[in-house]
Amino acid sequence: INNGYFTGEAKPGILKGTKPDKFCQAGKGSLMNRYQEEYNRKKMSARQVLENIQSRDFVFTPMAASCPDALMGELQHLKDTGVKDVILQSCIPSVDYPVFHDPEMKAVMAHHGWFFTAGLRKANAQRLVSAVPQHSTSILRKTLDRIRYEGRRPVLLTTVSPMDARGYMSLSISSIYEMDVVRAGAVLLVEVNPNYPRTFGDTMVHISQVTALVESDRPILCVDPAPYTEVDATIGKYVASLVEDGSTIQLGIGNIPNAVANELKSKKHLGIHTEMFTETMVDLIECGAVDNTQKGFNDGVSICSFTMGSRRLYDFLDDNPMVLFKSSTYSNDPYTIGRNNKFVSINATLEMDLTGQAASESVGPVQFSGSGGQAETIQGAQMSPGGKSILAMHSTYTDRDGKLHSKIVPMLTPGAAVTTSRNDVDYVVTEYGIAWLRGLTIAERVQALTKIAHPDFRAWLLEEAEENHIW
């Protein structure tokens, strides 16, 4: 270096006699220009983007609020393009799009649902969507096997945050399987939206990987935490009593997890390794209960796969390198989970029989939601040193006629899907207490679960157990 100029042998990519600061600025600008030109070539209307879909394509959509509204709202345009035998796969779509309820779309595409919402339950009643039984860590691999067997082409529709100077966009608030689909060579069709946060982990896609894009400035879907009831608060206290200082936690969405999180604020040195990053986790980080120092694995950072919540949540995640979005094949893998110290999984269930079988995704034969990562996080928690898995639920529910029913039952409703087998259930919590089923016989489980059932149903449960030889 002589007076700020490079005077040695020129190296590839370095111009001899160029000032380093000027070179850097020129290099960055030229790259940006090149990537911007490629971006502009690929920018088009939503309908033009969708015209890249061909007959027999398998079209993946992303999780929850990552669904690209600009594209999903125009998906019925496929009726005009002449394509046939397309498969659409959804997973907790946060908007009930008209395409889900259009009977004419049956001639164009079949709809597969990995996790139902109220809108998909309605579409299922119309026979316009069918659920896919699955585990979160294996469903993509099995689906890609099916795609290859049937000779289909994978396509991903998703939302991304804007491109940076190096041509990268972020998958933003969901990487639960999206990056795995990209790595499998999917045709990538994206909505670029500046209202979506830029996140890190398995989230970076390059403009060179994108086939076509549409720009949008629609607001990101914001959902504020719902207030929880006294029953939720009681359950939250019981669950929190099982969480020791230094535990690594996994929480879901809903009133009970919100109540649990509120009770965890007094804990110390908690860590986060979860499928969904929630609003309550921001609270736990900001109050100092979570510092990720004692996880024993991925110390210093919170691990998740997707998120959905308030504007405050998205602002916290934007450009935050302390939260990493990883594929569910990593975050929900029982062996990955088991490497964390004192891992505590906290999940919900709809119904449990007296042997410990948990039906968490269907009401009888009717699909209600999906299995998600429940079974895997339960197994992983019990592999973790000092780990615990917890299933929490209200002891009862009220039907449309106002009649009270027990959620702890002698036998599951006929046709119910067993999400978590009785072989894996560990702790069960209701507003009436805690039942620890680990290592108990059937007869002992009957007694333990009856004690945490609603008092009005305890005698009935014991009578049914006797009559049906549940012992």
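To start, this report covers the structure provided alongside it. Please read these numbers as outputs of a predicted model, since none were measured by experiment.

### Considering the pairing of strand β1 (residues 57-63)
Strand residues, when the strand is regular, have side chains that alternate between the two faces of the sheet.
So, point 1. For β1, the tally of buried residues reaches seven of seven residues, placing the bulk of the element in the interior.
So, point 2. Relative to strand β5 (residues 153-160), β1 runs parallel, the two sharing four bridges. In the strand pairing of β5, Val 59 is matched with Val 155.

### Observations regarding the sheet that holds β1
So, point 1. Spatial ordering of the open sheet is given by β4-β3-β2-β1-β5-β7-β10, a layout of seven strands whose pairing is parallel. The open sheet has two edge strands, β4 (130-131) and β10 (210-215), and neither has a second partner.
So, point 2. Examined bridge by bridge, strand β3 (residues 109-113) and β4 share two bridges and lie parallel to one another. The residue of β4 that forms the bridge with His 112 is Ser 130.
So, point 3. Against the sheet, helix α6 (residues 139-150) contacts β1, β2 (86-91) and β5, and its axis sits at roughly 165° relative to β1.

### With respect to the sheet that holds strand β19 (residues 358-359)
So, point 1. Pairing is mixed across the open sheet formed by three strands, whose spatial order is β19-β18-β25. Among the strands making up the open sheet, the edge pair consists of β19 and β25 (408-409).
So, point 2. Strand direction decides the pairing type here: strand β18 (residues 351-353) and β25, joined by two bridges, are parallel. Residue Met 352 lies in a different strand from β25, and its bridge partner there is Ile 408.

### With respect to the packing of aromatic side chains
So, point 1. In this structure the tally under the stated criterion is eight aromatic pairs.
So, point 2. Between Tyr 427 and Trp 436, the aromatic rings sit 5.4 Å apart at their centres with planes inclined by 10°, giving stacked as the arrangement.
So, point 3. For Tyr 427, a relative accessible area of 10% gives the class buried.
So, point 4. Both rings, one in Phe 457 and one in Trp 460, keep their centres 6.2 Å apart while their planes meet at 70°; by these two values the pair is edge-to-face. Remark: Trp 460 and Phe 457 occur in helix α16 (residues 455-467); sequence separation between them is three residues, near one turn of the helix.
So, point 5. On the accessibility criterion, Trp 460 (34% relative accessible area) is partly exposed.
So, point 6. Of the aromatic side chains, those joined through ring pairs into one cluster are Phe 58, Phe 60, Trp 114 and Tyr 177.

### Focus: unusual backbone geometry
So, point 1. Despite not being glycine, Ile 92 shows a phi value in the positive range, around 50°.
So, point 2. Secondary-structure assignment places Ile 92 in the loop between β2 and β3.
So, point 3. Backbone geometry at Asn 292 places phi at a positive 60°, although glycine is not the residue there.
So, point 4. Along the chain, Asn 292 turns up in the loop between α10 (279-286) and β14 (302-304).

### Some words on the nonpolar core
So, point 1. Grouped together as the largest cluster of nonpolar side chains are 41 residues, with contacts concentrated most on Phe 60, Met 63, Met 169, Tyr 177, Val 205, Ile 207 and Leu 213.
So, point 2. Only α1 (20-42), β1, β2, α6, β5, α7 (178-183), β7 (187-192) and β10 provide two or more residues apiece to this core.
So, point 3. If you tally residues by element for this core, the top one is α6, at four residues.

### Considering the packing of helix α8 (residues 230-241) against helix α9 (residues 255-263)
Helix-helix packing: each pair is described by the crossing angle between the helix axes and the interaxial distance.
So, point 1. Between α8 and α9, the least distance of the axes is 8 Å, while the angle of their chain directions is 55°. As far as their axial angle goes, α9 and α8 are oblique. For α8 against α9, the interelement crossing comes out right-handed. Along the contact surface, α8 presents Asp 232, Ala 233, Ile 235, Gly 236, Lys 237, Val 239 and Ala 240, while α9 presents Asn 255, Ile 256, Ala 259, Val 260 and Glu 263.
So, point 2. Along the lines of polarity and charge, the residues of the contact of α8 with α9 split into seven nonpolar, two polar and three charged.

### Details of the pattern of salt bridges
Side-chain pairing between opposite charges can occur once the charged atoms of the two side chains come close.
So, point 1. A full pass over the atoms with the stated rule returns 25 salt bridges.
So, point 2. Asp 57 serves as the salt-bridge partner of Arg 153, at 2.8 Å between the closest nitrogen and oxygen. Taken together, the positions of Arg 153 in strand β5 and Asp 57 in strand β1 put the pair 96 residues apart, joining distant regions of the chain.
So, point 3. Where Glu 150 meets Arg 152, a salt bridge forms, and the shortest distance between an N and an O atom there is 2.7 Å.
So, point 4. In this structure Arg 152 comes out as buried when scored by relative accessible area, which is 12%.

### Details of the environment of Thr 211
So, point 1. Looking at where Thr 211 falls in the secondary structure, it is placed in strand β10.
So, point 2. Sequence separation of Thr 211 and Val 190 is 21 residues, and the distance between their C-alpha atoms is 8.4 Å.
So, point 3. Ignoring sequence-local partners within four residues, the contact set of Thr 211 consists of Lys 42, Asn 52, Val 187, Leu 188 and Leu 189.

### As for the side chain of Thr 274
So, point 1. Tracing the chain through its elements places Thr 274 in the loop between β12 (271-272) and β13 (276-277).
So, point 2. Under the relative-accessibility criterion, Thr 274 is labelled buried at 1%.
So, point 3. Here the side chain of Thr 274 touches Leu 251 through a polar contact of 3.2 Å, landing on its backbone oxygen.
So, point 4. Those residues in contact with Thr 274, other than ones at most four positions away along the chain, are Ile 249, Gln 250, Leu 251, Met 281, Ile 303, Cys 304, Ser 305 and Ser 331.

### A word on the pairing of β7
So, point 1. Across the six residues of β7, six count as buried, placing the element largely inside the fold.
So, point 2. Burial of the side chains of β7 extends over both faces: Val 187, Leu 189 and Glu 191 are buried on one face and Leu 188, Val 190 and Val 192 on the other.
So, point 3. Bridging between β5 and β7 involves six bridges; their strand directions are parallel. Directly across from Thr 159, in β7, lies its bridge partner Glu 191.
So, point 4. Pairing of β7 with β10, which is carried by five bridges, proceeds in the parallel orientation. Bridging across to β10, Leu 188 finds its partner in Val 210.

Conventions adopted
Throughout this document, residue positions are counted from 1 along each chain, in the order its sequence is written. Residues qualify for local features only when their pLDDT is at least 70, as the model is predicted, and side-chain atom pairs are given and counted only at 80 or more; totals for whole chains, interfaces and linings, by contrast, use all residues. Only hydrogens and water are removed before side-chain values are computed, so all heavy atoms of the structure are retained for them. Buried, partly exposed and exposed residues are distinguished by accessible area as a fraction of the type maximum, computed with a 1.4 Å probe on protein chains only: under 20%, between the cut-offs, and over 50%, respectively. Only DSSP runs of H or I reaching four residues or more are called helices, and only runs of E reaching two or more are called strands; each is numbered from the N terminus. Paired strands, as defined in this entry, are two strands with at least two bridges between them according to DSSP. Pairs of residues are marked as contacts when any of their non-hydrogen atoms sit within 4.5 Å. The angle between two axes is taken between their N-to-C directions and runs from 0 to 180 degrees, where each axis is a line fitted to C-alpha atoms and a helix contributes only its stretch in contact. Any Phe, Tyr or Trp ring, taking Trp's six-membered ring, that has another such ring centre within 6.5 Å forms a pair; planes under 30 degrees apart are called stacked, those over 60 apart edge-to-face, and the others tilted. To define a nonpolar core, start from buried Ala, Val, Leu, Ile, Met, Phe, Trp, Tyr and Cys residues and group those joined through side-chain atoms within 4.5 Å. If an angle is under 35 degrees, it is roughly parallel; if it is over 145, roughly antiparallel; if it lies from 65 to 115, roughly perpendicular; otherwise it is oblique. If you view the pair so one helix is near and one far, a crossing is left-handed when the near helix is turned anticlockwise from the far one by less than a right angle, and right-handed when it is turned clockwise. Residue type decides the class: Asp, Glu, Lys and Arg count as charged, Ala, Val, Leu, Ile, Met, Phe, Trp, Tyr, Cys and Pro as nonpolar, and the leftover types, Gly among them, as polar. Here a salt bridge means any side-chain nitrogen of Lys or Arg lying within 4 Å of a carboxyl oxygen belonging to Asp or Glu. Polar contacts, as used here, are pairs of N or O atoms within 3.5 Å; protein pairs need one atom able to donate a hydrogen and one able to accept it. Residues neighboring in sequence count only if both atoms are side-chain atoms.

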